[in-house]
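# Descriptive analysis of the structure
Here is how the chains run, residue by residue.
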Amino acid sequence: MPKRDPGPSVKDKEMYEALRDDGASKEKAARIANAAAGTSRKSVGRKGGSAKDYDERSKDELLSRARELGIKGRSKMSKSELVDALRNH
């Protein structure tokens, strides 16, 4: 299978390809690959934060996050649909 060209904005093309092969969206793969290029690959997954799990957030909080990410159709989604869309974006 020929390799996909992610374009010049992706800094770690090897990681981008691995993430795409695992089923990540183009945007998510690029975001993770660029974060990995700025630091060591090992530290990217370990950064973590204190954000609540999507299931613990209110629908308004989920809508706000979906708006930030530009998820289409968010206003008509139920809370569970928003959680799914955010997790798979």
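Refer to the structure above for everything that follows.
Computed from a predicted model, the values in this text were never measured in an experiment. (Residues numbered from 1 in each chain as written. Predicted model: local features only at pLDDT ≥ 70, side-chain atom pairs only at ≥ 80, totals over all residues. Heavy atoms only, no water.)

## Side note on the packing of helix α4 (residues 59-69) against helix α5 (residues 79-87)
How two helices pack is summed up by the angle between their axes together with the distance between the axes. Running from N to C, α4 and α5 point in directions that differ by 35°, and their axes come no closer than 10 Å. The crossing of α4 and α5 is left-handed. Here α4 contributes K59, L62, L63, R65, A66 and L69 to the contact with α5, which in turn contributes K79, L82, V83 and L86. Residues of the contact of α4 with α5, tallied by class, amount to seven nonpolar, no polar and three charged. (Axes fitted to C-alpha atoms, helices over the stretch in contact; angles between N-to-C directions. Helix = DSSP H or I, 4+ residues; strand = E, 2+ residues; numbered from the N terminus. Left-handed = near helix turned anticlockwise from the far one by under 90°. Contact = heavy atoms within 4.5 Å. Nonpolar A, V, L, I, M, F, W, Y, C, P; charged D, E, K, R; others polar.)

## Section: the pattern of salt bridges
Within the structure shown, the criterion is met by four salt bridges. When the shortest N-O distance is used, the salt bridge between D53 and R87 registers 3.5 Å. Taken as a pair, D53 in the loop between α3 (41-44) and α4 and R87 in helix α5 lie far apart in primary sequence, 34 residues in all. Judged by relative accessible area, D53 falls into the partly exposed class, the value being 37%. Judged by its relative accessible area of 39%, R87 falls in the partly exposed class. (Salt bridge = Lys/Arg side-chain N within 4 Å of Asp/Glu carboxyl O. Buried < 20%, exposed > 50% of the residue type's maximum accessible area, 1.4 Å probe, protein only.)

## Details of the nonpolar core
If you look at the biggest cluster of nonpolar residues, it comprises 11 residues: Y54, L62, L63, A66, L69, I71, M77, L82, V83, A85 and L86. Those elements that provide at least two residues to this core are α4 and α5. The residues contacting Y54, other than those within four sequence positions of it, are L62, R65, K79, V83, L86 and R87. If you look at the next biggest cluster of nonpolar residues, it comprises nine residues, including V10, Y16, L19 and A33. (Core = buried A, V, L, I, M, F, W, Y, C linked by side-chain atoms within 4.5 Å.)

## With respect to α4
Here α4 has its buried residues at L62, L63, A66 and L69. End-on, the buried residues of α4 take up no more than an arc of 125°, which puts them together on one face. Projecting away from the buried face of α4 at angles above 90 degrees are the exposed residues D60, R67 and E68. Backbone geometry just downstream of α4 places G70 in the positive-phi region, at approximately 75°. (Arc of directions from axis to C-beta.)

## Quick word on α5
All of the buried residues in α5 are L82, V83, A85 and L86. For α5, the buried positions fall inside an angular range of 165° around the axis, keeping them on one side. Close packing links the buried residues of α5 with α4.

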